[in-house]
Amino acid sequence: MPALPLDEAGKYVAGAYVAFLALLLLYVAIMAARIQRIDRELAELAEIAEKRIDRPAPDSAGADAGAEENARGEAEGKVFERERSSRQEVIP
Amino acid sequence: MSFNAPRILPALTVLTLTAGFALVFFFAPNDADQGFIQKIFYLHVPIAICALVGFIVAAFQAIMHLRTGESSWDVRSYVSIHISVIFGVAVLITGSIWARASWGKWFVWDEPTLVSFLIVFLLYCTYYPLRYAIEDRERQARYASVFAVTAGAFVPLNFIAVRLAESLVHPRVFATAEGGLTPKMTVTFLVCLAGMALLWLTLARFELAAKSTRARLGRLRRALEGDEVAVGASRIAPVPRQAGEAG
């Protein structure tokens, strides 16, 4: 196998090393694109989460109203019970 | 091998590869037979070794997946095959350039070493269509693992078969009877091999990190959007009160 002269062999050697580096760079570029996509998705999710934090929870108002109604109902029940017992006391 | 600090492994990889390439051009002597063109050897052979070892590592990870049923092993096996296929592309490109310079042809079809590597490479190229042709995630992972184990067993068998074959074209630099490498060449080769192995590990680690982040993002999106749908549904159609509760 005769050795190639340096000027001719150098092109092939440089070609091999440059091809390897180019492949590596291509991979890094693809990875960078994927990371950018992940970054965009993360930003979208952060936006959704922030919107949810800013908006008052819809159940809290309902829960307050329910609690008020319960309290009112309990008070009315107590009044009714008192009236009935007093009526029973009055009616022989 | 585990590196907790995320920057240590890439830094070590860059350092080792740079040192290896510096040794190739400033320390290792020119080959008496091939001359300067033999410098491709320090690039081509370490990449080939890492690619083939990566396929075998993927097979072991697939075995772990089949034994334990943990999907993380399947992901690791996928990543190992993925990086090894990329390394395989580099092997074919650098090998073709070397072949063109040494033999005057880009590829020699009756040379067992070249053809066997091409067969292994093409075999692993079928891994992707096989994997993504199956929609069910569990079946996909199981079938991919079976493929990885079978193909992984094929790699050393193929290597042994090629070593047993008589070839007059492809050099056997590690053969004991044919001289082999000088000490300076051996040191240079080992540094380049270490650099390539570290590069393989680094890329596999990046790929795993990207995959894991995407999976976590997907889970987060499903959770958030699921909540949004539930909240939206409750706003549109509130749960009616029972007649007794009306007060």
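What you are looking at is a predicted structure, and each value in this text was computed from that prediction instead of being measured.

> Teacher, can you tell me more about the overall build of chain B here?
Within chain B, the regular secondary structure consists of seven helices and zero strands. Element order for chain B, N to C, with α for helix and β for strand: α-α-α-α-α-α-α. Relative to its full complement of 247 residues, chain B shows a buried share of 43%. The contacts of chain B with a sequence gap of at least 6 include a subset with a gap of at least 24, amounting to 76%. Surface exposure of chain B reaches about 13,600 Å², of which carbon and sulfur atoms provide 66%.

> Help me out: how do you make sense of the overall build of chain A in this one?
Looking only at helices and strands, chain A features two helices and zero strands. By residue count, 14% of the 92 residues in chain A fall in the buried class. For chain A, the computed accessible surface area is about 7,000 Å², with 61% contributed by carbon and sulfur atoms.

> How do you make sense of the interface of chain A and chain B when you look at a structure like this?
Interface size, as often reported, equals the accessible area lost upon joining of the parts. Of the residues lining the interface, 31 residues belong to chain A; the matching set on chain B comes to 44 residues. For the pair chain A and chain B, the two sides together bury roughly 3,600 Å², of which 69% comes from carbon and sulfur. Linking chain A to chain B there are three salt bridges. Between the two partners, chain A and chain B, sit five residue pairs in polar contact (both at pLDDT 80 or more). At the level of elements, helix 1 (6–54) and helix 2 (58–90) of chain A are the ones that each hand at least two residues to the side of chain A that touches chain B. Sort the elements by how many residues they give to the side of chain A that touches chain B and helix 1 of chain A lands first, with 24 residues. Here the side of chain A that touches chain B is composed, by residue class, of 22 nonpolar, two polar and seven charged.

> Please explain the packing of aromatic side chains as it appears in this structure.
Between two aromatic rings, the relevant description is the distance of the centres plus the angle of the planes. Residue and element names in this part refer to chain B. This model, assessed by the stated rule, comprises 15 aromatic pairs over all chains. Relative to Trp98, the ring of Phe41 has its centre 6.4 Å away and its plane inclined at 65°; by these criteria the two rings are edge-to-face. Of this pair, Phe41 sits in helix 2 (residues 41–68) while Trp98 is found in helix 3 (residues 71–103), placing the two residues 57 residues apart along the sequence. Overall, Phe41 belongs to the buried group, its relative accessible area being 2%. Taken together, the aromatic side chains of Phe55, Tyr78, Tyr124, Tyr127, Tyr128, Tyr132 and Phe147 make up a single cluster linked through ring pairs. A cation over a ring is seen here: Arg76 above Trp73, with NZ or CZ 4.5 Å from the ring centre.

> Looking at this structure, I do not really get the packing of helix 2 of chain B against helix 3 of chain B. What am I missing?
A pair of packed helices is characterised by two quantities: the angle between their axes and the separation of those axes. All names here are of chain B. Two elements in contact, helix 2 and helix 3, have axes separated by 8 Å at closest approach and are oriented at 160°. Accordingly, the angle class assigned to the pair helix 2 and helix 3 is roughly antiparallel. Handedness of the helix 2/helix 3 crossing: left-handed. For the contact of helix 2 with helix 3, the residue count by class is 18 nonpolar, twelve polar and two charged.

> What am I meant to see in the pattern of salt bridges here?
One side chain can pair with another of opposite charge once the charged atoms of both are near each other. Applying the stated criterion across every chain, the model contains four salt bridges over all chains. With its nearest N and O atoms 2.8 Å apart, the salt bridge here joins Glu44(A) to Arg221(B). A residue pair is termed interchain when its members come from two chains, as with Glu44(A) in helix 1 and Arg221(B) in helix 7 (residues 183–236).

> How should a nonpolar patch on the surface be read in this particular structure?
A contiguous nonpolar patch, built from Phe159(B), Ile160(B) and Leu164(B) and spanning about 350 Å² of accessible area, is present on the exposed surface. Tracing the backbone through its elements, the reader meets Phe159(B) in helix 6 (residues 137–164).

> I keep staring at helix 4 (residues 112–125) of chain B and nothing clicks. Help me out?
Each α-helix winds once per 3.6 residues, and so residues spaced three or four apart point in a common direction. Residues and elements named next belong to chain B. Helix length check: helix 4 (14 residues) gives 20 Å between terminal C-alpha atoms against 20 Å at 1.5 Å per residue, within 8%. Here helix 4 has its buried residues at Thr113, Leu114, Ser116, Phe117, Leu118, Val120, Phe121 and Tyr124. Summarising the contacts, the buried residues of helix 4 are in contact with helix 2, helix 3, helix 5 (127–132) and helix 6.

What counts and what doesn't
Residues numbered from 1 in each chain as written. Chains lettered and ligands numbered in written order. Predicted model: local features only at pLDDT ≥ 70, side-chain atom pairs only at ≥ 80, totals over all residues. Heavy atoms only, no water. Helix = DSSP H or I, 4+ residues; strand = E, 2+ residues; numbered from the N terminus. Buried < 20%, exposed > 50% of the residue type's maximum accessible area, 1.4 Å probe, protein only. Contact = heavy atoms within 4.5 Å. Areas by Shrake-Rupley, 256 points an atom, 1.4 Å probe, with all protein chains shown as cover. Buried area = accessible area lost by both parts, 1.4 Å probe. Salt bridge = Lys/Arg side-chain N within 4 Å of Asp/Glu carboxyl O. Polar contact = N/O pair within 3.5 Å; in protein donor to acceptor, adjacent residues only side chain to side chain. Nonpolar A, V, L, I, M, F, W, Y, C, P; charged D, E, K, R; others polar. Phe/Tyr/Trp six-rings, centres within 6.5 Å; stacked < 30°, edge-to-face > 60°. Lys NZ or Arg CZ within 6 Å of the ring centre and 35° of its normal. Axes fitted to C-alpha atoms, helices over the stretch in contact; angles between N-to-C directions. Parallel < 35°, antiparallel > 145°, perpendicular 65-115°, else oblique. Left-handed = near helix turned anticlockwise from the far one by under 90°. Patch = residues over 30% accessible without salt bridge, like charges linked within 9 Å, V, L, I, M, F, W, Y side chains within 5 Å. Expected span 1.5 Å × (residues − 1).

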